[in-house]
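# Residue-level structure breakdown
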Amino acid sequence: MAKLHEVEIHRLRPTQITVGMIEVCDKRDKLESLKKSERQEFLEAHAIPAVWGPDGKLYITDHHHLGRACSETGVDTGFFLVEEDFSKVPIAQF
């Protein structure tokens, strides 16, 4: 079962190379329109799926647009549903 974690945005590692910037802009506008407490509630309600990877790095597996928008908006931390722990898997196998 996935476990909710609050983690610093700068620690994220995407698993998708590209994102649609129109959707990123829409997500960024949404985040910027919210008060700080509302933003916290929004991010908790829209937790980003992730896995722990080698060297304890957090890899997001979906919602890349929201992750990018958080980074661009200056959000310090976000909520992530960690679905698996692959931290002991060698990077070549990961």
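Everything below is about the structure printed above this text.
Please read these numbers as outputs of a predicted model, since none were measured by experiment.

This structure, assessed with the given rule, holds 0 disulfides. Of all cysteine sulfurs in the structure, the one in Cys70 sits closest to Cys25, which takes part in no disulfide; the separation is 14 Å. Cys25 gets classed as partly exposed once you look at its relative accessible area, which sits at 26%.

On to the packing of aromatic side chains, then. Taken as a whole, this structure holds 2 aromatic pairs when the rule is applied. An angle of 55° between the planes, with centres 4.8 Å apart, marks the rings of Tyr59 and Phe94 as tilted. Of this pair, Tyr59 sits in strand 4 (residues 58–60) while Phe94 sits in the segment after strand 5 (77–85); the two residues are 35 residues apart in sequence, bridging distant segments of the chain. We classify Phe94 as partly exposed; its relative accessible area is 37%.

Before going further, it helps to spend a moment on the sheet that holds strand 3 (residues 48–52). The 5 strands lie next to each other as 1-5-3-4-2, forming an open sheet whose pairing is mixed. Bordering the open sheet on either side are strand 1 (3–8) and strand 2 (12–14), each of which pairs with just one other strand. Taking each pair of neighbouring strands and ignoring which way they run, the sheet shows an average axis angle of 45°. In this sheet, strand 5 lies alongside strand 1 in antiparallel orientation, the contact comprising 6 bridges. Bridge assignment links Glu6 to a residue of strand 5, and that residue is Phe79. Sitting on the sheet, helix 2 (residues 36–45) is in contact with strand 1 and strand 5, with an inclination near 15° to strand 5.

As enumerated under the stated definition, the model contains 4 salt bridges in all. One salt bridge in this structure joins Glu8 and Arg11, with 3.6 Å as the shortest N-O distance. Residue classification places Glu8 among the partly exposed positions, given a relative accessible area of 34%. It is possible to trace a salt-bridge network through shared partners that takes in Arg28, Arg68 and Glu72.

The next point concerns the pairing of strand 5. Judged from the 5 bridges that link them, strand 3 and strand 5 form a sheet pairing that is parallel. The partner of Ile48 across the bridge, within strand 5, is Phe80.

Turning to the environment of Glu23, a few remarks are in order. Residue placement: Glu23 occurs in helix 1 (residues 21–33). According to the relative accessible area criterion, Glu23 is partly exposed, its value standing at 37%. Separated by 46 residues in sequence, Glu23 and Ala69 place their C-alpha atoms 8.9 Å apart.

Scoring rules and cut-offs
- Residues numbered from 1 in each chain as written.
- Predicted model: local features only at pLDDT ≥ 70, side-chain atom pairs only at ≥ 80, totals over all residues.
- Heavy atoms only, no water.
- Disulfide = S-S within 2.5 Å.
- Buried < 20%, exposed > 50% of the residue type's maximum accessible area, 1.4 Å probe, protein only.
- Phe/Tyr/Trp six-rings, centres within 6.5 Å; stacked < 30°, edge-to-face > 60°.
- Helix = DSSP H or I, 4+ residues; strand = E, 2+ residues; numbered from the N terminus.
- Pairing = 2+ DSSP bridges.
- Axes fitted to C-alpha atoms, helices over the stretch in contact; angles between N-to-C directions.
- Contact = heavy atoms within 4.5 Å.
- Salt bridge = Lys/Arg side-chain N within 4 Å of Asp/Glu carboxyl O.

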